[in-house]
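Residues per chain are reported as follows:
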Amino acid sequence: MSDCVAPHLSLPQPNCRELQWFEFVSGDRCRVVAWTCDCTARFYELYEMAGVGFIRRTIQGTPVSIVETNRWPLRQAREVWADIMAGRAR
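Just so it is clear, the structure is predicted and the values come from calculations on it, not from any experiment. (Residues numbered from 1 in each chain as written. Predicted model: local features only at pLDDT ≥ 70, side-chain atom pairs only at ≥ 80, totals over all residues. Heavy atoms only, no water.)

**Q** Is there a simple way to explain the pattern of salt bridges in this structure?
**A** Where charged atoms from two side chains of opposite charge come close, those side chains can pair. As enumerated under the stated definition, the model contains seven salt bridges in all. Between R56 and E68 there is a salt bridge, with the nearest N and O atoms lying 2.5 Å from each other. Of this pair, R56 sits in strand 4 (residues 52–59) while E68 sits in strand 5 (residues 65–68), and the two are twelve residues apart along the sequence. Exposure class is identical for R56 and E68. Each is buried. With a shortest N-O distance of 2.9 Å, E68 and R71 are connected by a salt bridge. (Salt bridge = Lys/Arg side-chain N within 4 Å of Asp/Glu carboxyl O. Helix = DSSP H or I, 4+ residues; strand = E, 2+ residues; numbered from the N terminus. Buried < 20%, exposed > 50% of the residue type's maximum accessible area, 1.4 Å probe, protein only.)

**Q** Any chance you could explain the nonpolar core here in plain terms?
**A** Proteins that are soluble and globular tend to have nonpolar side chains buried together. With 14 residues, the main nonpolar core has I55, W81 and I84 as its most contacted residues. Elements represented by at least two residues in this core include exactly strand 3 (42–49) and helix 1 (74–86). Per element, the largest residue contribution to this core is five residues, and it comes from helix 1. Sequence-distant contacts of I84, defined by excluding residues within four places in its chain, comprise L9, L19, Y44, I55, A89 and R90. (Core = buried A, V, L, I, M, F, W, Y, C linked by side-chain atoms within 4.5 Å. Contact = heavy atoms within 4.5 Å.)

**Q** For this particular structure, what's the right way to read the packing of aromatic side chains?
**A** One pair of aromatic rings is described through two measures. These are the centre distance and the angle between the planes. Taken as a whole, this structure holds two aromatic pairs when the rule is applied. Seen in terms of ring centroids, W21 and Y44 are 6.0 Å apart; in terms of plane orientation they differ by 50°. Their pairing is tilted. Note that W21 is positioned in the segment before strand 1 (22–23) and Y44 in strand 3, a separation of 23 residues in sequence. Residue classification places W21 among the buried positions, given a relative accessible area of 18%. Above the face of the Y47 ring, R56 is positioned so that its terminal group lies 4.3 Å from the ring centre. Between R71 and the ring centre of F54, over which it is positioned, the NZ or CZ distance is 3.8 Å. (Phe/Tyr/Trp six-rings, centres within 6.5 Å; stacked < 30°, edge-to-face > 60°. Lys NZ or Arg CZ within 6 Å of the ring centre and 35° of its normal.)

What follows is the structure, encoded as structure tokens:
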């Protein structure tokens, strides 16, 4: 049995869509509503705030790399999150 409590990503699918990533912006008041396990070097978090959502990707290392997607309406952000989890987007 694994000690992991968060879900792991599916392997990237053929024709996996590549998302645009942008520099991390600190200071936004938002909340994490879903996340992947951080037992690997790369993990993702779904954030929501004021009717919009975005994905944050963290790559653990020296230095740590943190990037984010654009802000989308919540429905679209949740669809992108589902695509990431299923391996249809990265």
